[in-house]
Amino acid sequence: MTAAIKPLSSEKVEIIADLYEAFSKKRMSLIDVTWVQHQYHEKRRWSAVEFLNQVNFANLSKTDMVCVWNAGRAELTTKPGADRLARQSDAECRRWLDTDADLAAVFQACGTWSRYWNEEESFHETTLNVLAGGLGMEAVSDDTFIEFRKIFPDDNMLRTLFLLAISEITATVNYSRCAANTSDPGLRAIFKQIAADEAQHMRYFISFAKALVDSGKYHAKDAFAIAHLFLREDGELHGSDRNRIETRDTHVNWWDHLDTGDIERPDDIEGKQNMIFSALEKVTGIRVASPEEVEDAWMEMVA
Ligand SMILES: [Fe+2]
Ligand SMILES: [Fe+2]
């Protein structure tokens, strides 16, 4: 028996913020949750062809071109992340099935949602790379394409989900800054649309990460560890602006390697930090307001 929420109109559909509770207390089924995911995805679809037709190529500045070219490359690395999420979520689902069926359902919902995430990211990747090509910028070679599809190494699922939430925060702010910076209405519409998608992805990752913490099977310290990794001095939040960037041969993180030449890329580090504090609070219930407070809270939890 399920006392399910069955939205009648997609206008009212929202991301389920308390997913563990939706399964454990509201007794929603995976079919119910998938229907919510599907409607939410469907109501936010857009046409890459129509958006591209609105761009006035002659209008674009050098900064616009740098934003488009780098973002196109960064987006190529999203598919391996979504593929990994699908595989890892299913493995975790089966690991919990006998001991916490509601947590198993959370993981299956996460793996199921990864198909919508993957599809939405495909719009970003193709739109931006086609646009860069149309502007006559250096094309993505097949070797680069294949290199950028390398799959990230596996990690603890709460760490993975919180890292993905931060990646979406980074993308949301980057696209919002690019949108604010351009004078072309067509390109602004593309950046704003992609930023809106990234913000929704962030909300999904926060919801999945919160469900893991709510289950009592995952510890908040793992979310704090990832936040600290990004927020510490010279941390990952500074991307390619850092003094020291680790070399990896496992996968590509283009945000670490942005190639902007002598153009200053629009950014908002403080905005990103504040969104990470807010994400930490939603996932763990613990409020922090500075990188130092994140480090202190993390050290305390580890101790
Ligand atoms: Fe994206
Ligand atoms: Fe995204």
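Shown above is the structure to which this text applies.
Nothing here was measured: the structure is a model prediction, and the numbers come from that model.

J.: Would you explain the overall build of the chain in this entry?
T.: The helix and strand tally for the chain stands at 12 helices and zero strands. The burial tally for the chain puts 41% of its 303 residues in the buried class. The long-range share in the chain, meaning contacts at least 24 apart out of those at least 6 apart in sequence, stands at 79%.

J.: Even after reading the chapter, I still don't get the nonpolar core, so can you show me in this structure?
T.: The tendency in soluble globular proteins is for nonpolar side chains to be buried as a group. With 60 residues, the main nonpolar core has V106, L161, F162, A165, F208, A209 and A223 as its most contacted residues. Excluding its chain neighbours within four sequence positions, the residues that come into contact with V106 are L19, Y20, F23, F208 and A211. Membership of the second largest hydrophobic core comes to 19 residues, among which are V55, L131, A171 and A179.

J.: Explain helix 6 (residues 101-134) here, please?
T.: Side chains three or four residues apart in an α-helix point the same way, a direct result of the helix having 3.6 residues per turn. Along its 34 residues, helix 6 runs 50 Å from first to last C-alpha, staying within 8% of the 50 Å computed at 1.5 Å per residue. Two residues or fewer past helix 6, G136 is found with a positive phi of approximately 80°.

J.: Mind showing me how you'd approach helix 2 (residues 30-43) here?
T.: Here helix 2 is 14 residues long and its end C-alpha atoms lie 20 Å apart, about the 20 Å a rise of 1.5 Å per residue gives. The complete set of buried residues in helix 2 reads D32, V33, V36, Q37 and Y40. The buried side chains of helix 2 occupy one side of the element, clustering within an arc of 140° when seen end-on. Facing away from the buried side of helix 2 by more than 90 degrees, the exposed set consists of I31 and E42.

J.: Whenever I open this one, the packing of helix 5 (residues 78-96) against helix 6 confuses me. Can you help?
T.: Close contact between helix 5 and helix 6 brings their axes to 8 Å; oriented N to C, the two are set at 170°. Of the possible angle classes, the one that applies to helix 5 and helix 6 is roughly antiparallel. Together, T78, K79, A82, L85, A86, S89, D90, E92, C93 and W96 of helix 5 and L103, A104, F107, Q108, C110, G111, S114, W117, N118, E121 and E125 of helix 6 make up the contact between the two elements. Of the residues contributing to the contact of helix 5 with helix 6, the split by class is 10 nonpolar, six polar and five charged.

Analysis parameters
- Residues numbered from 1 in each chain as written.
- Chains lettered and ligands numbered in written order.
- Predicted model: local features only at pLDDT ≥ 70, side-chain atom pairs only at ≥ 80, totals over all residues.
- Helix = DSSP H or I, 4+ residues; strand = E, 2+ residues; numbered from the N terminus.
- Buried ≥ 20, exposed ≤ 12 C-beta atoms within 10 Å, placed from the backbone.
- Contact = placed C-beta atoms within 7 Å.
- Core = buried A, V, L, I, M, F, W, Y, C linked by C-beta atoms within 7 Å.
- Expected span 1.5 Å × (residues − 1).
- Arc of directions from axis to C-beta.
- Axes fitted to C-alpha atoms, helices over the stretch in contact; angles between N-to-C directions.
- Parallel < 35°, antiparallel > 145°, perpendicular 65-115°, else oblique.
- Nonpolar A, V, L, I, M, F, W, Y, C, P; charged D, E, K, R; others polar.

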